Number of protein chains: 4
Amino acid sequence: MEKEHNYIPEEAKWKRLVFNIIFKSDTKLGLLFDLILLVLILLSTFIVMMESVSIFDAKLHSLFVFLEIIITIFFTIEYALRIITIRNKKSYIFSFFGIIDFLAILPFYLSLFIPVTKYFLILRMLRMLRVFRIFNLMDFMNDGYLIVRALKHSSRKIYIFLLFLVIFCVIVGSLMFMVEGHREGFESIPQSIYWAVVTITTVGYGDVSPVTPLGKFLSILLMLSGYSIIAVPTGIVTAEMRNKRQNLEKICGRCGNDDVDDDARYCKICGEKLI
Amino acid sequence: MEKEHNYIPEEAKWKRLVFNIIFKSDTKLGLLFDLILLVLILLSTFIVMMESVSIFDAKLHSLFVFLEIIITIFFTIEYALRIITIRNKKSYIFSFFGIIDFLAILPFYLSLFIPVTKYFLILRMLRMLRVFRIFNLMDFMNDGYLIVRALKHSSRKIYIFLLFLVIFCVIVGSLMFMVEGHREGFESIPQSIYWAVVTITTVGYGDVSPVTPLGKFLSILLMLSGYSIIAVPTGIVTAEMRNKRQNLEKICGRCGNDDVDDDARYCKICGEKLI
Amino acid sequence: MEKEHNYIPEEAKWKRLVFNIIFKSDTKLGLLFDLILLVLILLSTFIVMMESVSIFDAKLHSLFVFLEIIITIFFTIEYALRIITIRNKKSYIFSFFGIIDFLAILPFYLSLFIPVTKYFLILRMLRMLRVFRIFNLMDFMNDGYLIVRALKHSSRKIYIFLLFLVIFCVIVGSLMFMVEGHREGFESIPQSIYWAVVTITTVGYGDVSPVTPLGKFLSILLMLSGYSIIAVPTGIVTAEMRNKRQNLEKICGRCGNDDVDDDARYCKICGEKLI
Amino acid sequence: MEKEHNYIPEEAKWKRLVFNIIFKSDTKLGLLFDLILLVLILLSTFIVMMESVSIFDAKLHSLFVFLEIIITIFFTIEYALRIITIRNKKSYIFSFFGIIDFLAILPFYLSLFIPVTKYFLILRMLRMLRVFRIFNLMDFMNDGYLIVRALKHSSRKIYIFLLFLVIFCVIVGSLMFMVEGHREGFESIPQSIYWAVVTITTVGYGDVSPVTPLGKFLSILLMLSGYSIIAVPTGIVTAEMRNKRQNLEKICGRCGNDDVDDDARYCKICGEKLI
């Protein structure tokens, strides 16, 4: 994709340089750029948080706005450079990180035309996802991929588990709605389902808790269920994680042993040299 | 069971067609029927929930009743068709799903004769279990069976674990009843047992919490126990899940033993060499 | 131990009969006796619980006392028969179950001489431990032993884990005592340690919760720690449980493979016939 | 390091004796010294705790101060003897335990010159870390090292997991800040993030809980996430712990590979036949 051409025009040269700086991190300048970007992303997120605290916003509102403008200008230039220097512009713009990069600057420009609402906040917070790009570049995310892949492979089982759980909570919630008879916190079935989820996941806010003896007895059953059922997602992911560690690896051509570790050079069952 | 006959009378033909539509999902019509059924089940469950919210019920009560009648008529027709088209009527009617199908329409017809009580709600909510039939047809439940089987195989150990846990909670509850001396939330042994379960399962509503220093010290011990003991169900299910996973993989060609480990080269039952 | 003698005196005969009934459960009478005992133990525990509920006690106090007397007389006769019919009296009396059997009847006879205090309750609740004897006889506890043994084998690691945890909680508690500065719930270091344990075990009663921003930040760190650290006991017990499943079993005499399942008749590695 | 010299001056003799007593525990005196030290450390920690309880401090302040002086004098003498008797003084003084030993006596001497503040407390509590030195000597910590090593090996994955978790909580927190619209407990994004962490870790204090239906619905999603996500750290540590366990068992005699599985018959690194 990035093959060297014999003839490189002047324009292509700076494009390649800028491309290497902002898309890669194997040069000193590239690493420096990534670090600056990381600091700006974290600073930007921090500003959004502080803006939401009324005492800070009252004192430092103009500073926050000023920093927000500076950072947005930097992000805009960066976004423009990304589009200019990359060859396959389309695939970048509609890639996951391309959209995040665009959303990171959108709220500011939107706010010039329409009044700022609190719903802009969440768009501004999505900027934070950009840190993954940087960690990605810095070769820090291999273990992260392993986790995500293990989750993805067990996601089907986890969805079914959650389906069971939700249906269980709906039925238990309806039961408690009947038992606790319209008491505070159990005014409706959705409220009771909320309580059932709070209980079975062992969160237990305590904003809603059973009052009648029968309600308490049912709660005990539900809590014991939740305490035992938690083993299921754990079992699924643990089994999958062990699996992934092996699946990625090789297989012995002689004895068919597929329990081959990353660093194995000989099969542990038959002694065959691997690859 | 569904063998083709050379001579199919007219009546048998539409029976087979309807049977294929409502009991199977491998035809387009069958799939469409399942989707409509799924939507109606979810809608019906949603209506029951909304009915329980007084502000919605006040405004939309007649709409809810109207929709309930429509859905019940659909379910009744469906139930009748199921009985008419299936050959082994008895085994369907008394099967798990046959009973659920019947209970799904029962509350409505009962309400024509006896006054509606809130206990009808739970019967109406049981309809939701019908979604499993649809997911079942859609070949979505293989992983679900795996989970259920792992739970079933470890259920004996989990029951014993729960027995230990309950006896432990009863004794700790009695102890706390003595220690916290009739304080609020510890008025009786059952109340104190409720607190012990809330604590050991790490739910921690906070509606009952210890007040005396000795009570707090005992709570600390109980919480640390609960935090460590949670490993037990997890360990049981994880071990069982790893076990079950292997079952699916290899099978001995001679004796049919399906409990073959990943790294086995000989069948452990009959000594046959495996592949 | 129970060898047949050629000459059995009359007295020895009924002793053997009674011994078989109360100590074993392989005869019909023995099983019946165990079931009656189980019912009486559960009834007795239930009575203690109900006695502690003031509204029930007010109404049914004399019934409770009457039932307690009946049950205690039964337990006393049973205890006497156990001592009379067993050969090795000493080892029974000082065995775990012998002491529990004695403690089960002690509170009643003590109450004839000294005034009843609430501390008798816990002694009466200990009766419940007798159910284990019955489950034990009924061959229900094999899986229970597996769990207990897995816990025992990993207990050393769990103790060290708890030691780490306690020291961590003490230090975090002291830190929060300084940070939250004598606020409600953080009046002293022991109180703050109580809060730290409530938080790290994810119980979270909410009777004590941080108020200052710094306190909340520290809480976030502590909660995330607790959420990650819970993996440790789980990992220990899971590893041990997998281990125990294998350790109990045989070992292949030819290839030394020690991963032999319960039901294996041939070694899965080398195909050697096992015993 | 501790080689015997032919000529040992008088001074060196008592130095060696003291060294063996305070740095080792294989002599009777050494063991006695360790036990005394353990008791004093625990007593000292206990005193700091009790001092923080105002009712105890009011009554027993002078006793606490007296004991603190005695213990500090003991610790000071011990610290001096450690420096005097060890050969490599520098490496001791700047070792982890050397610093802890110094910090254990620092607060007392500081308090002679500057007024005592509550921040001294935490320094005094750090003394408790000294118990690890004693357990270490007593050969009690092998299992502890196993746990620590398993945690260290999986720490990279756990950090990434926590990074995901924190970013997830920040985004969910911002969302809830918008949804619950400045209600109590959701006054700012940091507050809402605090709530998100309390919820996802299943702590659930209940000091902040959602009020609006949409907020409750989002909470349900968050709780179910937290309940499923907890499987990830557990899976990581369990896999790692299983791994570590194997390391200790076999070792390849040829290449020294210590990562040998239970069922391996050949070394996976060099192909050497194992035993």
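Note that the coordinates shown come from a computational prediction; the quantities given were computed from them, not determined experimentally. Residue positions within a chain follow its written sequence, with the count starting from 1. The lettering of chains begins at A and the numbering of ligands begins at 1, in the order of writing. Local features in a predicted model are, by the rule used here, given only for residues with pLDDT of at least 70; side-chain atom pairs are given and counted only at 80 or more, and totals for whole chains, interfaces and linings are based on all residues. Each side-chain value is derived from all of the structure's non-hydrogen atoms; neither hydrogens nor water enter the calculation.

Enquirer: Which residues make up the packing of helix 9 (residues 155–179) of chain D against helix 10 (residues 189–200) of chain D, and what values go with them?
Expert: Residues and elements named next belong to chain D. Between N-to-C directions, angles cover 0 to 180 degrees, with each direction set by a line fitted to C-alpha atoms, over the stretch in contact for helices. Strands here mean DSSP runs of E at least two residues long; helices mean DSSP runs of H or I at least four residues long; both are numbered from the N terminus. For the pair helix 9 and helix 10, interaxial distance at closest approach is 7 Å and the crossing angle is 120°. Our classification of the angle between helix 9 and helix 10 gives oblique. The element helix 9 and its partner helix 10 pack so that their crossing is right-handed. Each of Leu 165, Phe 168, Cys 169, Val 170, Val 172, Gly 173, Ser 174, Met 176 and Phe 177 in helix 9 lies in contact with helix 10, whose residues at this interface are Ile 189, Ser 192, Ile 193, Trp 195, Ala 196, Val 197 and Ile 200. Residue polarity is assigned by list, with Asp, Glu, Lys and Arg as charged and Ala, Val, Leu, Ile, Met, Phe, Trp, Tyr, Cys and Pro as nonpolar; anything else, Gly included, falls into the polar class. Here the residues of the contact of helix 9 with helix 10 sort into 13 nonpolar, three polar and no charged. Each angle is binned into one of four classes, with values under 35 degrees roughly parallel, values over 145 roughly antiparallel, values of 65 to 115 roughly perpendicular, and all other values oblique. In this scheme the crossing of two helices becomes right-handed for a clockwise turn of the near helix relative to the far one and left-handed for an anticlockwise turn of less than a right angle. Here, two residues are considered to be in contact whenever any of their heavy atoms come within 4.5 Å of each other.

Enquirer: Which residues make up the interface of chain B and chain A, and what values go with them?
Expert: Opposite the 53 residues of chain B that make contact, chain A presents 49 residues. Two parts placed together each lose some accessible area under a 1.4 Å probe, and adding up what both lose gives the buried area. Of the roughly 4,600 Å² buried between chain B and chain A on both sides combined, carbon and sulfur atoms contribute 74%. A side-chain nitrogen of Lys or Arg and a carboxyl oxygen of Asp or Glu constitute a salt bridge if their distance falls within 4 Å. Linking chain B with chain A are zero salt bridges, by the criterion used here. Polar contact is defined as a pair of N or O atoms within 3.5 Å, subject to the rule that within protein one atom must be able to donate a hydrogen and the other to accept it, and that residues adjacent in sequence are counted only when both atoms are side-chain atoms. Applying the counting criterion to the chain B and chain A interface returns seven residue pairs in polar contact (both at pLDDT 80 or more). Where the side of chain B that touches chain A is concerned, the elements lending two or more residues are helix 2 (28–52), helix 6 (120–126), helix 7 (131–137), helix 8 (142–153), helix 9 (155–179), helix 10 (189–200), helix 11 (213–229) and helix 12 (231–247) of chain B.

Enquirer: I'd like a description of the packing of aromatic side chains, backed by residues and values.
Expert: Think of a pair of aromatic rings as described by two things: how far the centres are apart, and how the planes are tilted against each other in angle. Pairing of aromatic side chains requires ring centres within 6.5 Å, counting the rings of Phe and Tyr and the six-membered ring of Trp. Pairs whose planes differ by under 30 degrees are stacked, by over 60 edge-to-face, and all others tilted. Evaluated as defined, the whole model comprises 44 aromatic pairs over all chains. Centre to centre, the rings of Tyr79(A) and Tyr92(A) are 6.2 Å apart; their planes meet at 45°, and the pair counts as tilted. Of this pair, Tyr79(A) sits in helix 3 (residues 54–85) while Tyr92(A) sits in helix 4 (residues 89–93), and the two are 13 residues apart along the sequence. Pair check on accessibility: Tyr79(A) and Tyr92(A) agree, each one buried. Considering the side-chain rings of Phe132(A) and Phe164(D), the 5.1 Å spacing of their centres and the 35° angle between planes classify their relative orientation as tilted. Note that Phe132(A) is positioned in helix 7 (residues 130–137) and Phe164(D) in helix 9, a pairing that runs across two chains. When a residue's accessible area, from a 1.4 Å probe over protein chains only, is under 20% of the maximum for its type it is buried; when over 50% it is exposed; and in between it is partly exposed. For Phe132(A), a relative accessible area of 13% puts it in the buried group. Here a set of aromatic residues connected by ring pairs shows up, and it is made of Phe19(A), Phe23(A), Tyr79(A), Tyr92(A) and Phe102(A). We call a charge positioned over a ring when the NZ of a Lys or the CZ of an Arg lies within 6 Å of the ring centre and within 35 degrees of the ring normal. Positioned above the aromatic ring of Phe23(D) is the side chain of Arg82(D), whose terminal nitrogen or guanidinium carbon lies 4.9 Å from the ring centre.

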